[in-house]
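Here is how the chains run, residue by residue.
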Amino acid sequence: MDKNRVFSEFQKLGKVLMAPVLILPIAGILVGVGSGFTNPRITEIFPFLKHLGLLFNILKDAGNVVNNNIPVIFAICIAYGFVKSEKATAALSGFLGYMTMNTILGSFLIYTHKLNPASLLIGQKQVLGVLTLDTGVFGGILVGFLVAAIHNKFYKIQLPPILSIFNGTRSIPALTIIFSSLLGIVLAFIFPPVQGLLIKSSEIINSTGASGAFLYGLSERLLLPFGLHHFIYLPFFFTQLGGLVEIDGKMVEGAVNIYNAMLSSPTAVFDVNITRFVMNGKVLFAMFGLPGAALAIYKTALPKNKKKVAALMMAAVLPCALMGITEPLEFSFLFISPILFCLHALLAGIAYVITYILQINIPGPSSFGGPFLSFIFNGILNSNKGSHWYNLLFVGPVYFVIYYYMFKLYIERRNLKTPGREEDEYEDTEIVSTKTISNDILEKIVENVGGSSNILKVDACFTRLRLTLKDNSKIIDQKIFEKQLGASGAIIVDNGIQIIYGNKANLFKIELREFLKHE
């Protein structure tokens, strides 16, 4: 397998792994609201909230349905995402396989006296009502890939007449039970040492302090243009690399799970060694830094283009500060000056150091509702847990000014052609609004990538419309997407093109599939 194919497969995996992450925002908002308005300090100030305690506790419980079941969601999403067809059967088999693996794993450990229901060890717990070894998202991912492999190999199988009831996709659940049982037995032998290695790795990572926070933030931003940044933060989000902490008598692993458990707990307080892995630094550079960069881009635009650039920057700043969707803004200068993007990545890494030192315990990704909502619900409303939200009010404006002057000086000295600085950029072309997606826009997209016959597959991740093409050489002009079709930019990859449409990417996917009559 050549490096381009490997890169493409990693991108595909990243897209599939993002599906569970995209479920988290509503869960994060529900838990944040529920925890914030049941906070003793808040209820003392507003006594009437005590009468709404049942409602807010219901919100917390509803959000934790997602937070407490991330591994099985991974199993279902990977099984669904990697099969060729008949995806509903694969999704069902993903759930069935995950339950079977955990049941057999727990039963085998009990039978071999390595799991005592009366005295559980670290990493042993009930998972969906089954007493077993908690393999976390690793178990979910393994089951997902196992089901996908079984499905792709046997979903068209034709058996002898006596077994014809299991022809085709009807064989997949049966085979899933058999192979998932074997996986459970195998994991009984190999996962305990893996678990020990993860715990040791977590201890080493936690000892890195501010320097570890810097490398985490820097590397996550630097891998963003390649669509591989998921592989930096996802292991810390959901595995023991992000921490293993006892909260209210229960061991919790993964930074997202630990933070949510701290949020829901009446006694636990926030820990910056956990919060750094749920992107507390992003609150600083997404809410304050990048808006400063946007202002610099507006200020350096040609006078005749300022009005249109203002609209463009506002459309990019709002999702950035509110939801943590930074790509539309970052891609407005990434291709024009990679060095400027590297400086931004460096400042992003420093933002993690600052928030670590100041112990600003506010998560920043969209999985917690985005920087602004997280600042309100996890910061201000949970200040008694040690969010230290007020420190952000002092360092935030400073970061805004740093970004503004760094971008403004660099753009002017290098005469960068950022949006609005090209003489003919907006004279003969018109940026199309993505509030509505007309057939005319879809036709232009299709035409610019070589026609409908050149499009093999239409897909999308959180911010990118992903088109798999037969022949990349048929792409007419990479810049048209940005100048005429409302995108923030486009990246040509080994087997197609990725068009940056921000939070409209999924809508573009749906509309384009219907336009092309793809399933």
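The rules behind the values
Residues numbered from 1 in each chain as written. Predicted model: local features only at pLDDT ≥ 70, side-chain atom pairs only at ≥ 80, totals over all residues. Heavy atoms only, no water. Helix = DSSP H or I, 4+ residues; strand = E, 2+ residues; numbered from the N terminus. Buried < 20%, exposed > 50% of the residue type's maximum accessible area, 1.4 Å probe, protein only. Areas by Shrake-Rupley, 256 points an atom, 1.4 Å probe, with all protein chains shown as cover. Lys, Arg positive; Asp, Glu negative; His and termini not counted. Charge placed at Lys NZ, Arg CZ, Asp CG, Glu CD. pLDDT = per-residue confidence, 0-100. Contact = heavy atoms within 4.5 Å. Axes fitted to C-alpha atoms, helices over the stretch in contact; angles between N-to-C directions. Parallel < 35°, antiparallel > 145°, perpendicular 65-115°, else oblique. Nonpolar A, V, L, I, M, F, W, Y, C, P; charged D, E, K, R; others polar. Patch = residues over 30% accessible without salt bridge, like charges linked within 9 Å, V, L, I, M, F, W, Y side chains within 5 Å. Salt bridge = Lys/Arg side-chain N within 4 Å of Asp/Glu carboxyl O. Pairing = 2+ DSSP bridges. Core = buried A, V, L, I, M, F, W, Y, C linked by side-chain atoms within 4.5 Å. Domains from an automatic or database assignment. Polar contact = N/O pair within 3.5 Å; in protein donor to acceptor, adjacent residues only side chain to side chain. Phe/Tyr/Trp six-rings, centres within 6.5 Å; stacked < 30°, edge-to-face > 60°. Lys NZ or Arg CZ within 6 Å of the ring centre and 35° of its normal.

Right, let's talk about the overall build of the protein for a bit. On a plain count of helices and strands, the protein comes out with 20 helices and eight strands. When its C-alpha atoms are laid out on the principal axes, the protein stretches across 75 × 65 × 45 Å. When the 519 residues of the protein are sorted by exposure, 53% land in the buried category. Entry remark: accessible area of the protein is about 22,800 Å², with carbon and sulfur atoms responsible for 65%. Where the 43 positive side-chain charges of the protein centre and where its 33 negative ones centre are 3 Å apart.

Turning to the confidence of the model for the protein, a few remarks are in order. On average, residues of the protein carry a pLDDT of 86, and 93% of them reach 70 or more. Note that residues 425-434 has pLDDT below 50 and, in this model, 27 contacts with residues that lie over four places away or in other chains.

On to the packing of helix 18 (residues 439-448) against helix 20 (residues 505-516). Across the interface, helix 18 lies against helix 20 with an axial gap of 10 Å and an inter-helix angle of 80 degrees. The orientation of helix 18 relative to helix 20 falls into the category roughly perpendicular. Contact residues: helix 18 offers Asn 439, Ile 441, Leu 442, Glu 443, Ile 445 and Val 446, while helix 20 offers Phe 508, Glu 511, Leu 512, Phe 515 and Leu 516. Counted by class, the contact of helix 18 with helix 20 contains eight nonpolar, one polar and two charged residues.

This part covers a nonpolar patch on the surface. Residues Ile 178, Phe 179, Leu 182, Ile 185, Val 186, Phe 189 and Ile 190 make up a contiguous nonpolar surface patch of about 610 Å² in total accessible area. Along the chain, Leu 182 turns up in helix 7 (residues 171-206).

Attention now moves to the pairing of strand 3 (residues 244-247). Alignment of strand 3 against strand 4 (residues 250-253), held across four bridges, turns out to be antiparallel. Each bridged residue has a counterpart across the sheet, and for Leu 244 the counterpart in strand 4 is Glu 253. Hairpin geometry of strand 3 and strand 4 is characterised by an intervening segment of two residues between the two adjacent antiparallel strands and by a positive phi of about 55 degrees at Asp 248.

Apart from glycine, the bulk of residues carry a negative phi angle, and the bulk of peptide bonds sit in the trans form. Despite not being glycine, His 113 shows a phi value in the positive range, around 65 degrees. For His 113, the position within the fold is in the loop between helix 5 (87-111) and strand 1 (124-127).

A word on the nonpolar core. Among the nonpolar cores identified, the biggest contains 103 residues, and Tyr 216, Phe 237, Phe 238 and Phe 285 are the most heavily contacted of them. Looking at this core element by element, the count peaks at 11 residues for helix 12 (residues 280-299).

Before going further, it helps to examine the sheet that holds strand 5 (residues 455-460). What the four strands build is an open sheet, ordered 5-6-8-7; its pairing is antiparallel. With one partner strand each, in any of the chains shown, strand 5 and strand 7 (489-493) form the two edges of the open sheet. Between one strand and the next, the sheet's axes are offset by a mean angle of 15 degrees, whatever the strand orientation. Bridging between strand 5 and strand 6 (residues 464-469) involves five bridges; their strand directions are antiparallel. Each bridged residue has a counterpart across the sheet, and for Ala 460 the counterpart in strand 6 is Leu 465. Docked against the sheet, helix 14 (residues 327-334) engages strand 6, strand 7 and strand 8 (496-500), running at close to 115 degrees with respect to strand 8. Running over the sheet, helix 20 touches strand 5 and strand 6 and is turned about 150 degrees from strand 5.

All right, on to the domain arrangement of the protein then. As assigned here, the protein comprises domain 1 (3-204), domain 2 (279-414) and domain 3 (439-516). The distance between the C-alpha centroids of domain 1 and domain 3 comes to 32 Å.

So, about helix 14. Most of helix 14 sits out of view: eight of its eight residues are buried. Considered for burial, the residues of helix 14 that qualify are Glu 327, Pro 328, Leu 329, Glu 330, Phe 331, Ser 332, Phe 333 and Leu 334.

Moving on: the environment of Ser 265. Following the sequence through the fold, Ser 265 ends up in the loop between helix 10 (255-264) and helix 11 (272-275). As for Ser 265 and Lys 385, which are separated by 120 residues in sequence, their C-alpha atoms are 9.8 Å apart. In this view, Ser 265 contacts Ile 247, Asp 248 and Lys 385; residues no more than four positions away in its chain are not counted. Within the structure, Ser 265 has its side chain in polar contact with the backbone nitrogen of Thr 267 (distance 3.1 Å).

Positionally, His 151 belongs in helix 6 (residues 136-154). A relative accessible area of 0% means that His 151 is categorised as buried. Sequence-distant contacts of His 151, that is, excluding residues within four places in its chain, are made with Val 83, Ser 85, Glu 86, Thr 89, Ala 90, Thr 169 and Ile 172.

Attention shifts here to the packing of aromatic side chains. One pass over the full model with this rule turns up 21 aromatic pairs. For the pair Phe 237 and Phe 238, a centre-to-centre distance of 5.8 Å together with 90 degrees between the ring planes defines the contact as edge-to-face. Taken as a pair, Phe 237 and Phe 238 share a single burial class, namely buried. One aromatic cluster in this structure is built from Phe 333, Phe 341, Tyr 399, Tyr 403 and Phe 407. Seen from the ring of Tyr 298, Lys 306 lies directly overhead, with NZ or CZ sitting 4.8 Å from the centre.

Moving on, we come to the pattern of salt bridges. Going through the model one piece at a time under the given rule, you end up with eight salt bridges. For the salt bridge of Glu 327 with Arg 464, the shortest nitrogen-to-oxygen distance reads 2.8 Å. Residue Glu 327 is located in helix 14, and its partner Arg 464 is located in strand 6; the two are separated by 137 residues in the primary sequence. On the basis of relative accessible area, Glu 327 is assigned to the buried category, the value being 6%. For Lys 408, the salt bridge goes to Glu 412, with nearest N and O atoms at 3.2 Å. With Lys 408 and Glu 412 both in helix 17 (residues 390-414), this residue pair falls four residues apart, about one helical turn. In the salt-bridge network here, residues are joined through shared partners; they are Glu 220, Arg 221 and Glu 330.

On to the packing of helix 12 against helix 13 (residues 306-323). Viewed as axis vectors pointing N to C, helix 12 and helix 13 meet at an angle of 170 degrees, and their least axial separation amounts to 9 Å. Here helix 13 runs roughly antiparallel to helix 12, going by the angle between their axes. Across the interface between the two elements, Ala 286, Met 287, Leu 290, Pro 291, Ala 294, Ile 297, Tyr 298 and Lys 299 of helix 12 pack against Lys 306, Val 309, Ala 310, Met 313, Val 317, Cys 320 and Ala 321 of helix 13. Per-class residue counts for the contact of helix 12 with helix 13 are 13 nonpolar, no polar and two charged.

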